[in-house]
Amino acid sequence: MLSCCRGERDAAWSNIIGSGIFVSPKGVLENASSVGMSLIVWIITGIITAVGALCYAELGVTIPKSGGDYSYVKDIFGGLAGFLRLWIAVLVIYPTNQAVIALTFSNYVLQPLFPTCFPPDSGLRLLAAVCLLLLTWVNCSSVRWATRVQDVFTAGKLLALALIIIMGIVQICKGEYYWLESTNAFEPFQEYDVGLVALAFLQGSFAYGGWNFLNYVTEELVDPYVNLPRAIFISIPLVTFVYVFANIAYVTAMSPQELLASNAVAVTFGEKLLGVMAWIMPISVALSTFGGVNGSLFTSSRLFFAGAREGHLPSLLAMIHIKRCTPIPALVFTCVTTLLMLCTSDMYTLINYVGFINYLFYGVTVAGQIVLRIKQPELHRPIKISLIWPVIYLIFWAFLLIFSFYSEPVVCGIGLAIMLTGVPVYFLGVYWDSKPRCFDAFVDKMTYLGQKLCVVVYPGGSKDSSSGSGEDGEEMKEATSPLSKEDCDSH
């Protein structure tokens, strides 16, 4: 039991700690307007993340399905709400997350080559695209290769963060804490603005992304009633501690102006404190972000599988290679949509874009917890928390969305518009049962063609081509994971 808990705890914190801590500090500080306010944002974001995780823990054991908030929203609010969550995740959230991580990778690789200026945008996007294509090929080729890449490159982020925190402690011991003194910490370099503070929370929340990872694999957890909340209680405070101290370390070596002038904060930090060993920092962060892109690709197919088995996505996207056991169609689709996101190299706009949409559905999911309590009070809940926690989360959620939309109406509006395009798609593709035979025949042919091109079948072994209708979705086994290492090793 202890080893199982340790594995789930490690999975939780290792999925939260990613490239965000190497890119978000600039965005948080820029919008928070002072060092002190930025540290408060990091702490409050960690607390709110823990509250949201507790709410998700109750939902995870009450509705024990893999698929995370997609499954919860679908079961509580119906097919349309669940489909919109899936639609926006497939078209916006996963591609944007991967684009930001890939751009962070290219920034940290190229910044040392351009010490006096920023790397060219075209070079950033090209290197990010190469990284994405390479890792898509790795994930399509072998599950074992993908997991080994993840294991090896995870060491990069641990090395970088350990170096940053240790050097920060050394700086404090040497008396280098000017920007941490109360008289200087809250000295604003621009006027405080509640809308900008809301954007600071969005930037910070990107670094905490992955906190709900275990809810996407609930069916695969050992004793989730015990281990899911335990993983939350251990991992999120640990991550919050690491993030706060990493940001404290940054400002012991850099002024706010220097931090804001850098597109690769950890590189600038290393150049100031590590001397001839400064090369360690960009290499460590590049390894970390390279592994981050791989991890995002590796886990994304679980959501595709959950959606396809419910008939909300084409069945082709849930299929895996007959020998390699890799979800090739889902990986290729995610790769293409991520490449489209690389039309811009402005990571902070992309973070605001994905953060707004993510928080929108986090709030809808937590609201569903209250709705479920009212509609089905007698439902068995192995974990049952006080309703004060979802209420606190929803108050913060409302503040964040209202003022984020006020500050970035165009970015947030585009996200909402893309989400609403899913409404006609749902009614035409999912809700409408009596489709013309020619349409069903066309979809069947496209599915069969995709199966032949990718050499893929259903994870359960069925080789029947399908259009991904509701009946086909029900035929998929509830507990099957398309990325299960055990299944793949048996081939």
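Focus on the nonpolar core
Note on soluble globular proteins: their nonpolar side chains tend to be buried together. Counting 136 residues, the largest nonpolar core has Phe-22, Ile-164, Tyr-250, Phe-269, Tyr-359 and Tyr-393 as the members making the most contacts within it. Considering every element that reaches this core, the biggest residue donor is helix 5 (residues 79-110), with 16 residues.

Re the pattern of salt bridges
One pass over the full model with this rule turns up five salt bridges. Salt-bridge contacts for Glu-58 lead to Arg-381; the nearest nitrogen and oxygen are separated by 3.5 Å. Residue Glu-58 is located in helix 3 (residues 35-62), and its partner Arg-381 is located in the loop between helix 15 (347-375) and helix 16 (388-407); the two are separated by 323 residues in the primary sequence. In terms of burial, Glu-58 and Arg-381 fall into one category: buried. The salt bridge involving Asp-69 is made with Arg-85; its shortest N-O contact spans 3.0 Å. Taken as a pair, Asp-69 in helix 4 (residues 69-77) and Arg-85 in helix 5 lie far apart in primary sequence, 16 residues in all.

Here we look at the side chain of Thr-338
Of note, Thr-338 is situated in helix 14 (residues 328-341). Ignoring any residue separated from it by four or fewer positions in sequence, one finds Thr-338 in contact with Pro-95, Gln-98, Ala-99 and Leu-132.

What about the packing of aromatic side chains?
According to the stated counting rule, one finds 24 aromatic pairs in the structure shown. Measuring from centroid to centroid gives 4.4 Å for Phe-241 and Phe-245, while their planes differ by 40°, and the two rings are tilted. In this pair, Phe-241 and Phe-245 both sit in helix 10 (residues 224-253), four residues apart, roughly one turn of the helix. For Phe-245, a relative accessible area of 33% corresponds to the partly exposed category. Seen in terms of ring centroids, Tyr-426 and Tyr-431 are 6.4 Å apart; in terms of plane orientation they differ by 35°. Their pairing is tilted. A relative accessible area of 9% places Tyr-426 in the buried class. Residue classification places Tyr-431 among the exposed positions, given a relative accessible area of 55%. Among the aromatic residues, ring-to-ring pairing joins Tyr-56, Tyr-72, Phe-201, Tyr-359, Tyr-362, Tyr-393, Phe-396, Phe-399 and Phe-403 into one connected group.

Overview of a nonpolar patch on the surface
Taken together, the side chains of Val-276, Met-277, Trp-279, Ile-283 and Leu-287 make up a nonpolar region of the molecular surface, amounting to roughly 510 Å² of accessible area. Along the chain, Val-276 falls in the loop between helix 12 (265-273) and helix 13 (280-309).

So, the confidence of the model for the chain
Looking at the chain as a whole, its pLDDT mean stands at 82, while 87% of the residues score no less than 70. In this model residues 461-491 is a low-confidence stretch, pLDDT under 50, and it forms 72 contacts with partners more than four residues away in sequence or in other chains.

Comments concerning the packing of helix 6 (residues 121-141) against helix 14
The relative placement of two packed helices comes down to the angle between their axes together with the axis-to-axis distance. Running from N to C, helix 6 and helix 14 point in directions that differ by 175°, and their axes come no closer than 10 Å. Compared by their axis directions, helix 6 and helix 14 come out roughly antiparallel. Seen from helix 6, the contacting residues are Ala-129, Leu-132, Leu-133, Thr-136, Asn-139 and Cys-140; seen from helix 14, they are Ile-328, Leu-331, Cys-335, Thr-338 and Leu-339. Broken down by class, the residue content of the contact of helix 6 with helix 14 amounts to eight nonpolar, three polar and no charged.

Considerations on the packing of helix 15 against helix 17 (residues 409-420)
Between helix 15 and helix 17, the shortest axis-to-axis distance is 9 Å and the interhelical angle comes to 50°. One element, helix 15, and the other, helix 17, form an angle in the oblique class. Pair helix 15 / helix 17 crosses with right-handed handedness. On helix 17, the residues that touch Thr-349, Asn-352, Tyr-353, Phe-356, Ile-357, Leu-360 and Phe-361 of helix 15 are Val-411, Cys-412, Ile-414, Gly-415, Leu-416, Ile-418 and Met-419. Considering only residue class, the contact of helix 15 with helix 17 consists of eleven nonpolar, three polar and no charged.

Overview of the state of the cysteines
Note on terminology: disulfide describes a covalent bond linking the sulfur atoms of two cysteines. Per the counting criterion, the structure on display carries zero disulfides. Just so you know, Cys-454 is unpaired, no disulfide at all, and the nearest cysteine sulfur is the one on Cys-140, 8.0 Å from it.

Structural notes on unusual backbone geometry
Positive phi, close to 80°, is recorded for Ser-33, a residue that is not glycine. Residue class for Ser-33 comes out buried when judged on its relative accessible area of 0%. A positive phi angle, close to 55°, is found at Val-455, a residue other than glycine. With respect to the helices and strands, the residue Val-455 is situated in the loop between helix 19 (437-454) and strand 2 (456-457). Given a relative accessible area of 36%, Val-455 falls into the partly exposed group.

Some points on helix 14
Taking 1.5 Å of rise per residue, 14 residues should cover 20 Å, and helix 14 covers 20 Å from first to last C-alpha, within 8% of that figure. Considered for burial, the residues of helix 14 that qualify are Ile-328, Pro-329, Ala-330, Leu-331, Thr-334, Cys-335, Thr-337, Thr-338 and Met-341.

Focus: the environment of Asn-212
Looking at the secondary structure, you find Asn-212 in the loop between helix 9 (194-207) and helix 10. Assessed through its relative accessible area of 6%, Asn-212 is described here as buried. The spacing of Asn-212 and Gly-68 is 144 residues in sequence and 7.4 Å in space, taken between C-alpha atoms. In contact with Asn-212, not counting residues within four places along its chain, are Tyr-56, Asp-69 and Tyr-362.

Analysis parameters
Residues numbered from 1 in each chain as written. Predicted model: local features only at pLDDT ≥ 70, side-chain atom pairs only at ≥ 80, totals over all residues. Heavy atoms only, no water. Core = buried A, V, L, I, M, F, W, Y, C linked by side-chain atoms within 4.5 Å. Buried < 20%, exposed > 50% of the residue type's maximum accessible area, 1.4 Å probe, protein only. Helix = DSSP H or I, 4+ residues; strand = E, 2+ residues; numbered from the N terminus. Salt bridge = Lys/Arg side-chain N within 4 Å of Asp/Glu carboxyl O. Contact = heavy atoms within 4.5 Å. Phe/Tyr/Trp six-rings, centres within 6.5 Å; stacked < 30°, edge-to-face > 60°. Patch = residues over 30% accessible without salt bridge, like charges linked within 9 Å, V, L, I, M, F, W, Y side chains within 5 Å. Areas by Shrake-Rupley, 256 points an atom, 1.4 Å probe, with all protein chains shown as cover. pLDDT = per-residue confidence, 0-100. Axes fitted to C-alpha atoms, helices over the stretch in contact; angles between N-to-C directions. Parallel < 35°, antiparallel > 145°, perpendicular 65-115°, else oblique. Nonpolar A, V, L, I, M, F, W, Y, C, P; charged D, E, K, R; others polar. Left-handed = near helix turned anticlockwise from the far one by under 90°. Disulfide = S-S within 2.5 Å. Expected span 1.5 Å × (residues − 1).

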